[in-house]
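Descriptive structure summary
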Amino acid sequence: FAPIVRGDMNRTEFLQHFFDQSFYFKDRFQKIEPLFEPQSHIGVSQYCKDYTGDQYVMIGNVFEFIDPVFSSGVALATASAMKATDTLIEAFQKNTTPDWKEYRQYIEKGANTFKAYVDAWYHGHWQDILFAHKQVPQFKEMICSVLAGYAWDDTNPFVTKPEKSINALAKVIQGRKKMKSEKKV
């Protein structure tokens, strides 16, 4: 959706561009005239400021955002359920009311990491990163680690500073592409 967000293409042009990139769709949809302009939903998300309340705690991606790209909901659901359980067990053992501050901080960290990845997808950075001709194995491992659910790994710069790391890598790759295209001219 990056070309639409940037204003490079309208939705019909983008859909045709998408079909042209696909081995399966290119011939099938080559000369089809759409009956109406395709519709899209960009940046579908929601935000809830209260993760916890009187007799409830939200888990999964229900409290932060909907991720249509990376399926981070499974990682968030698992991590938040485990953290909520630990918080409740601790409160029951001490016979106190649960203190949800640490839970909120923990879940926000993972959710913000995944959110940076989803935002990068909508801005077109992921396409550049994922399909770069020259990939650095270390970066690929760090990124795959996050996509596999390790959104809380403080040793990974793609977790500790996800937006900065993703944007920097995308700029390097885009710079390489620009230099390569200028050499051809």
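For the structure itself, consult the block above.
Okay, so let's go over this structure. Computed from a predicted model, the values in this text were never measured in an experiment.

**Brief notes about unusual backbone geometry**
For Gln 55, which is not a glycine, the phi torsion comes out positive at approximately 70°. Relative to the helices and strands, Gln 55 resides in the loop between β1 (52–53) and β2 (56–57). A relative accessible area of 78% places Gln 55 in the exposed class. Look at Asn 95: it is not a glycine, yet its phi comes out positive at around 55°. If you trace the backbone, Asn 95 turns up in the loop between α3 (73–94) and α4 (101–122).

**Description of the packing of aromatic side chains**
Inspection of the entire model under this criterion finds five aromatic pairs. Taking the centre distance of 5.4 Å and the plane angle of 80° together, the rings of Trp 100 and Tyr 103 count as edge-to-face. The same class applies to Trp 100 as to Tyr 103, namely buried. Seen in terms of ring centroids, Phe 114 and Trp 152 are 6.4 Å apart; in terms of plane orientation they differ by 85°. Their pairing is edge-to-face. Here the residue Phe 114 occupies a position in helix α4, and Trp 152 occupies one in the loop between α6 (137–147) and α7 (157–160), the gap between them amounting to 38 residues.

**With respect to the pattern of salt bridges**
Under the counting rule described, the total for this entry stands at four salt bridges. Residue Lys 94 pairs with Glu 90 through a salt bridge whose shortest N-O separation is 3.0 Å. Placement of the pair is Lys 94 and Glu 90 together in helix α3, with a separation of four residues, close to one helical turn. Residue classification places Lys 94 among the exposed residues on the basis of a relative accessible area of 54%. With relative accessibility at 43%, the residue Glu 90 sits in the partly exposed group.

**Overview of a positive patch on the surface**
Where like charges cluster on the molecular surface, the positive patch consists of Lys 134, Arg 176, Lys 180 and Lys 183. Counting through the fold element by element, Arg 176 comes out in helix α8 (residues 162–184).

**Points about the environment of Trp 126**
Here Trp 126 shows up in helix α5 (residues 125–130). In this structure, the C-alpha to C-alpha distance between Trp 126 and Ile 166, residues 40 residues apart in sequence, is 8.2 Å.

**Brief notes about the nonpolar core**
Among the nonpolar cores identified, the biggest contains 22 residues, and Tyr 117, Trp 126, Ile 129, Ile 143, Phe 158 and Ile 166 are the most heavily contacted of them. Only α3, α4, α5, α6, α7 and α8 provide two or more residues apiece to this core. Element by element, the count of residues in this core is highest for α4, at five residues.

**Some thoughts on the packing of α3 against α4**
Put simply, α3 and α4 touch, their axes get as near as 10 Å, and they point 170° apart. On the basis of their axis angle, the class for α3 and α4 is roughly antiparallel. For the pair α3 and α4, the contacting residues are Ala 75, Leu 76, Ala 79, Ser 80, Lys 83, Ala 84 and Thr 87 in the first and Glu 102, Tyr 103, Tyr 106, Ile 107, Gly 110, Ala 111 and Phe 114 in the second. Taken together, the residues that form the contact of α3 with α4 break down as nine nonpolar, three polar and two charged.

What counts and what doesn't
Residues numbered from 1 in each chain as written. Predicted model: local features only at pLDDT ≥ 70, side-chain atom pairs only at ≥ 80, totals over all residues. Heavy atoms only, no water. Helix = DSSP H or I, 4+ residues; strand = E, 2+ residues; numbered from the N terminus. Buried < 20%, exposed > 50% of the residue type's maximum accessible area, 1.4 Å probe, protein only. Phe/Tyr/Trp six-rings, centres within 6.5 Å; stacked < 30°, edge-to-face > 60°. Salt bridge = Lys/Arg side-chain N within 4 Å of Asp/Glu carboxyl O. Patch = residues over 30% accessible without salt bridge, like charges linked within 9 Å, V, L, I, M, F, W, Y side chains within 5 Å. Areas by Shrake-Rupley, 256 points an atom, 1.4 Å probe, with all protein chains shown as cover. Lys, Arg positive; Asp, Glu negative; His and termini not counted. Charge placed at Lys NZ, Arg CZ, Asp CG, Glu CD. Core = buried A, V, L, I, M, F, W, Y, C linked by side-chain atoms within 4.5 Å. Axes fitted to C-alpha atoms, helices over the stretch in contact; angles between N-to-C directions. Parallel < 35°, antiparallel > 145°, perpendicular 65-115°, else oblique. Contact = heavy atoms within 4.5 Å. Nonpolar A, V, L, I, M, F, W, Y, C, P; charged D, E, K, R; others polar.

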